[in-house]
Amino acid sequence: MDVVLDFERPIVELKRRIQQLRELQEANGVDLSASIEQLEVQARRLQENIFGKLTPWQRTQLARHPHRPYTLDYVDGLFTEWTELHGDRCGYDDHAIVGGTARFKHLGAADDGLGGKPVLIVGHQKGRNTKENLFRNFGMARPDGYRKAMRLFRLAERFGLPILTFIDTSGAYPGLDAEERGQAEAIARNIMEMATLKVPVVCLVAGEGGSGGALAIGVANRVLMLENSVYSVISPEGCAAILWRDRAEASRAAEALRITASDCLSLGVVDEVVPEELGGAHRYASQTVAAVGAAVRRHLTELLPLSTQELLDDRYDRFRRLGAFDAA
Amino acid sequence: MSQGTRWFEQRRDFVASVPPDSAPAAGKPETPELFTKCPGCAEVVFNDVLVKQQFVCAKCDHHFRVGAVDRLRALCDDPPSVLLHDADLLARDQLGFIDSKPYAKRLVDARKKSGRNDAFISVAGPVAGVDMEIGSFDFSFLGGSMGAVVGEMITRLFERAADRKVPAVVISASGGARMQEGVLSLMQMAKTCAALARLRDAGMPYVSVLTHPTTGGVAASFAMLGDVIVAEPGALIGFAGPRVIRETIGQELPAGFQTSEYLLEHGLIDLIVSRPQLKPTLGRLLRQLLNLPPMG
């Protein structure tokens, strides 16, 4: 089922009309190409208009769109031999985080040397419908998920596999059982241990970068961000509830928090913004997956020649310089 | 908190080395109250007695909130001689954040009210005869929230401890990351934890002391990563706040949920230590870990 956001409705409706005209043309054999072309120009212009000046709140909605590519869509599109690995070895397997090994697809004559190379992939996984979301806990991980991720990171490190992570969570699960099993410790542990990994780590903020639950798989040498994804210390709704005492002020909070990809780039929090097609990743999934693949491979190619010490120093310095202050 | 306890927070006879311009706001004569009513047992306690007892009620062991200066003064062997670090760092409003008040204004007000620049105090000196880098949050400064300055101070604290080969102690009291610094405050979690990993590589111990409250991005970074984690009795400690959890699961939370005692029972912290026992406990622990002889 198509999920249409309010602000993209005019485009979707126009495209539907174009489709109707096409069908009419097909069925009746009349030539409507002139009107179709005119409408297509109009649709393109409308798309440029709307997507050319998206507000942070609109981008937040795009980042949450259920048709946006999720971790397993990137796995499908960019890798072969995916072997999912499960469990934290402490009694739980969290389905909100998936992890496993795979190989980079071979790009034939244009291959960059990565084709066929093994890699470890870890990412949040959301569901596309209620049933899937119950299984995935809406992509909100418990401590078990973070501990599974850490176990897999260490596995990759032991065998020299580069690590690729996909962030897409509204946040770590704020539930009773999660607290009981040490949610804060699990996140903290991952953040610290990721800083010590002796292999290259590349991370993509693919949709929602929700606070500590995102950062717990996000301490990477390179952090990339899709154009319409968001990365924030708190959800706009949560921030609005605290600072404005009204969740309805979320769009103001989204503005104030500077959560968009271009904001994060200018703050130094991410290293590159991966552009999306006008219309958004949810309408152009395969193009998005391909663009992400190209960017990830480029960054990994740059990191692979670095020595262990260089990788560690690079990651340390990358985070060390974040956050400006003055001296009195 | 009553007026009385707020007066305690404003005391600062501790640090001779704090620059004079951070003295309490001029023109507002302090009118110290003599008594404080204990919220734990309703007992009325003389403030002078409370000070002597490190702000712990003798009758019910209620731990009053204590400011960073008083906290460190109680722990350091020779308070006037400790080295004060990084007190000159000033937060910058990097986002131009405005809610009901501009963040820049909030900072100015908090500085004026507290007489210090941010929510953390960092010193170096001996505690129970062990030279260390030790710092404390100050909850009265914007809820002890961690922005770039607090993150930098804690990072430097760990880096100095690693350089000097001395242990580190951080006393937390914080609602978490500072929202007004957006995603940059989130990044302080990574910055501080990466420095902590280097302290570990240097072979020096780190003791984390959790006091009321320790939640959010502070709990989910260095606070829960102590080689030994000590908590004060009755402190609220957790990742998500109780209100958020209640809304998420749609049911009431068990009594005592997210208290120090609850965490101890679930294996998440090492021990609970009453405030007057903190100094001897830190000394004993660190001297054992560093294989030093017991205190004379």
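Worth saying up front: this structure is predicted, and the values here are computed from it rather than measured. (Residues numbered from 1 in each chain as written. Chains lettered and ligands numbered in written order. Predicted model: local features only at pLDDT ≥ 70, side-chain atom pairs only at ≥ 80, totals over all residues. Heavy atoms only, no water.)

### Focus on the overall build of chain B
Phase 1 of the analysis: Secondary structure summary: chain B contains ten helices and eleven strands in total.
Phase 2 of the analysis: By the burial criterion, 57% of the 296 residues in chain B qualify as buried.
Phase 3 of the analysis: With the model as given, the accessible surface of chain B reaches about 11,700 Å², and the carbon-plus-sulfur share is 56%. (Helix = DSSP H or I, 4+ residues; strand = E, 2+ residues; numbered from the N terminus. Buried < 20%, exposed > 50% of the residue type's maximum accessible area, 1.4 Å probe, protein only. Areas by Shrake-Rupley, 256 points an atom, 1.4 Å probe, with all protein chains shown as cover.)

### A word on the overall build of chain A
Phase 1 of the analysis: A count of helices and strands for chain A gives 14 helices and nine strands.
Phase 2 of the analysis: For chain A, the spread of C-alpha atoms along the principal axes amounts to about 65 × 55 × 45 Å.
Phase 3 of the analysis: Per-residue burial for chain A yields a buried fraction of 56% across its 328 residues.
Phase 4 of the analysis: Counted over contacts in chain A with a minimum sequence separation of 6, partners at least 24 positions apart contribute 72%.
Phase 5 of the analysis: For chain A, the accessible surface area stands at approximately 13,600 Å², while carbon and sulfur atoms represent 52% of it.
Phase 6 of the analysis: Taken as two groups, the 40 positive and 45 negative side-chain charges of chain A have centres that lie 2 Å from each other. (Contact = heavy atoms within 4.5 Å. Lys, Arg positive; Asp, Glu negative; His and termini not counted. Charge placed at Lys NZ, Arg CZ, Asp CG, Glu CD.)

### Looking at the packing of helix 3 (residues 56-63) of chain A against helix 11 (residues 250-257) of chain A
Residues and elements named next belong to chain A.
Phase 1 of the analysis: Where helix 3 meets helix 11, the closest approach of the two axes is 8 Å, and the angle between their N-to-C directions is 100°. Here helix 3 lies roughly perpendicular to helix 11, going by the angle between them. Facing helix 3, whose interface residues are Pro56, Trp57 and Thr60, helix 11 presents Ala250, Ser251, Ala254 and Glu255.
Phase 2 of the analysis: Among the residues making up the contact of helix 3 with helix 11, the classes are represented as four nonpolar, two polar and one charged. (Axes fitted to C-alpha atoms, helices over the stretch in contact; angles between N-to-C directions. Parallel < 35°, antiparallel > 145°, perpendicular 65-115°, else oblique. Nonpolar A, V, L, I, M, F, W, Y, C, P; charged D, E, K, R; others polar.)

### Structural notes on the domain arrangement of chain A
Residue and element names in this part refer to chain A.
Phase 1 of the analysis: The assigned domain composition of chain A is domain 1 (6-53) and domain 2 (58-320).
Phase 2 of the analysis: Contacts between the two partners involve eight residues from domain 1, matched on the other side by ten residues from domain 2.
Phase 3 of the analysis: Interface of domain 1 and domain 2: buried area, both sides summed, is about 790 Å²; carbon and sulfur atoms make up 55% of it.
Phase 4 of the analysis: For the domain 1 face of the interface with domain 2, the top three residues by lost area are Phe7, Glu8 and Phe51, together amounting to 63%.
Phase 5 of the analysis: Applying the counting rule to domain 1 against domain 2 returns one salt bridge.
Phase 6 of the analysis: For Arg283, the salt bridge is made with Glu8, and the minimal N-O distance between the two is 3.0 Å.
Phase 7 of the analysis: Where domain 1 packs against domain 2, one counts five residue pairs in polar contact (both at pLDDT 80 or more).
Phase 8 of the analysis: Breaking the side of domain 1 that touches domain 2 down by element, the ones donating at least two residues are helix 1 (9-28) and helix 2 (33-52). (Domains from an automatic or database assignment. Buried area = accessible area lost by both parts, 1.4 Å probe. Salt bridge = Lys/Arg side-chain N within 4 Å of Asp/Glu carboxyl O. Polar contact = N/O pair within 3.5 Å; in protein donor to acceptor, adjacent residues only side chain to side chain.)

### Some remarks on the interface of chain A and chain B
Phase 1 of the analysis: Facing 50 residues of chain A, the contacting portion of chain B comprises 55 residues.
Phase 2 of the analysis: Overall, the association of chain A and chain B removes approximately 4,800 Å² of surface from exposure, summing both partners, and the carbon and sulfur fraction of that is 69%.
Phase 3 of the analysis: Summed over the shared surface of chain A and chain B, the result is five salt bridges.
Phase 4 of the analysis: For Glu193 of chain A, the salt bridge is made with Arg200 of chain B, and the minimal N-O distance between the two is 2.8 Å.
Phase 5 of the analysis: Our count for the chain A to chain B interface comes out at 17 residue pairs in polar contact (both at pLDDT 80 or more).
Phase 6 of the analysis: Top contributing element to the side of chain A that touches chain B by residue count: helix 8 (residues 183-194) of chain A, with nine residues.
Phase 7 of the analysis: Residues belonging to the side of chain A that touches chain B are distributed by class as follows: 32 nonpolar, eight polar and ten charged.

### Quick look at the pattern of salt bridges
Think of it this way: side chains of opposite charge can pair up when their charged atoms draw near.
Phase 1 of the analysis: With the rule as written, the count across this model stands at 50 salt bridges over all chains.
Phase 2 of the analysis: Between Arg297 of chain A and Asp112 of chain A there is a salt bridge, and its shortest N-O distance comes to 2.9 Å. Taken as a pair, Arg297 of chain A in helix 13 (residues 285-303) and Asp112 of chain A in the loop between strand 2 (97-104) and strand 3 (118-124) lie far apart in primary sequence, 185 residues in all.
Phase 3 of the analysis: On the accessibility criterion, Arg297 of chain A (6% relative accessible area) is buried.
Phase 4 of the analysis: Arg73 of chain B is paired through a salt bridge with Asp70 of chain B; the nearest N and O atoms lie 2.0 Å apart. Here Arg73 of chain B and its partner Asp70 of chain B are both found in helix 3 (residues 68-75), three residues apart, which amounts to about one turn of the helix.
Phase 5 of the analysis: According to the relative accessible area criterion, Asp70 of chain B is buried, its value standing at 5%.
Phase 6 of the analysis: Here the salt bridges share partners, and the residues they tie into one network are Arg320 of chain A together with Asp86, Asp131, Glu133, Glu152, Arg156, Glu159, Arg160, Arg164 and Lys191 of chain B.

### Remarks on the side chain of Ser174 of chain B
Residues and elements named next belong to chain B.
Phase 1 of the analysis: By the element assignment, Ser174 lies in strand 7 (residues 168-174).
Phase 2 of the analysis: From its side chain, Ser174 meets the backbone nitrogen of Gly176 in a polar contact 2.9 Å long.
Phase 3 of the analysis: Setting aside its immediate chain neighbours within four residues, Ser174 contacts Phe137, Phe139, Gly143, Gly144, Ser145, Met146, Pro213, Thr214, Thr215 and Val218.

### Here's the deal with empty space enclosed by the protein
Phase 1 of the analysis: Per the counting criterion, the structure on display carries two cavities of 30 Å³ or more.
Phase 2 of the analysis: Contributing to the lining of the largest cavity are 14 residues, with Glu179 of chain A together with Ile237, Gly238, Leu263 and Leu268 of chain B lying nearest its centre.
Phase 3 of the analysis: Of all the secondary structure elements, the ones that give two or more residues to the lining of the largest cavity are helix 7 (176-180) and helix 8 of chain A together with strand 10 (237-238) and helix 9 (260-265) of chain B.
Phase 4 of the analysis: With three residues, the top contributor of residues to the lining of the largest cavity is helix 8 of chain A.
Phase 5 of the analysis: Grouping the amino acids of the lining of the largest cavity by side-chain chemistry returns seven nonpolar, four polar and three charged. (1 Å grid on protein atoms, 1.4 Å probe; cavity = no way out; pocket = protein on both sides within 12 Å on 5 of 7 lines; lining within 4 Å. Points joined across faces, edges and corners; volume = space filled by probe spheres on them.)

### Examining the packing of aromatic side chains
Phase 1 of the analysis: One pass over the structure, following the stated rule, counts nine aromatic pairs over all chains.
Phase 2 of the analysis: When the centroid spacing of 5.0 Å and the interplanar angle of 75° are considered together, the rings of Phe158 of chain B and Tyr206 of chain B count as edge-to-face. In this pair, Phe158 of chain B sits in helix 5 (residues 148-164) while Tyr206 of chain B sits in strand 8 (residues 206-215), placing the two residues 48 residues apart along the sequence.
Phase 3 of the analysis: The class for Phe158 of chain B is buried, based on a relative accessible area of 0%.
Phase 4 of the analysis: Feature note: the residues Phe120, Phe137, Phe158, Tyr206 and Phe222 of chain B constitute an aromatic cluster, connected by ring pairs.
Phase 5 of the analysis: One residue, Arg181 of chain A, lies across the ring of Tyr92 of chain A, its end atom 3.8 Å from the ring centre.
Phase 6 of the analysis: Positioned above the aromatic ring of Phe319 of chain A, the side-chain terminus of Arg318 of chain A is 4.7 Å from the ring centre. (Phe/Tyr/Trp six-rings, centres within 6.5 Å; stacked < 30°, edge-to-face > 60°. Lys NZ or Arg CZ within 6 Å of the ring centre and 35° of its normal.)

### Brief notes about unusual backbone geometry
All names here are of chain B.
Phase 1 of the analysis: Residue Pro213 is reached from His212 by a cis peptide bond, and omega for that bond is -15°.
Phase 2 of the analysis: Here Pro213 lies in strand 8.
Phase 3 of the analysis: The backbone of Gln54 shows a phi angle near 55°, a positive value even though the residue is not glycine.
Phase 4 of the analysis: Within the secondary structure, Gln54 is located in the loop between helix 2 (47-52) and helix 3.

### Points about the nonpolar core
Phase 1 of the analysis: Judged by nonpolar contacts, the single largest core of 119 residues is most densely connected at Phe153, Leu215 and Tyr231 of chain A together with Phe158 and Phe222 of chain B.
Phase 2 of the analysis: Looking at which element gives the most residues to this core, the answer is helix 6 (residues 182-201) of chain B, with twelve residues.
Phase 3 of the analysis: Setting aside its immediate chain neighbours within four residues, Phe153 of chain A contacts Leu120, Val122, Ile163, Thr165, Met194, Leu197 and Ile217 of chain A. (Core = buried A, V, L, I, M, F, W, Y, C linked by side-chain atoms within 4.5 Å.)

### Notes on the confidence of the model for chain B
Residue and element names in this part refer to chain B.
Phase 1 of the analysis: Taken as a whole, chain B shows an average pLDDT of 89; of its residues, 89% reach a score of 70 or greater.
Phase 2 of the analysis: For the stretch residues 1-31, pLDDT sits under 50, and the model shows 49 contacts to residues farther than four places along the chain or on other chains.
Phase 3 of the analysis: Predicted complex, confidence summary: ipTM 0.96, pTM 0.93. (pLDDT = per-residue confidence, 0-100.)

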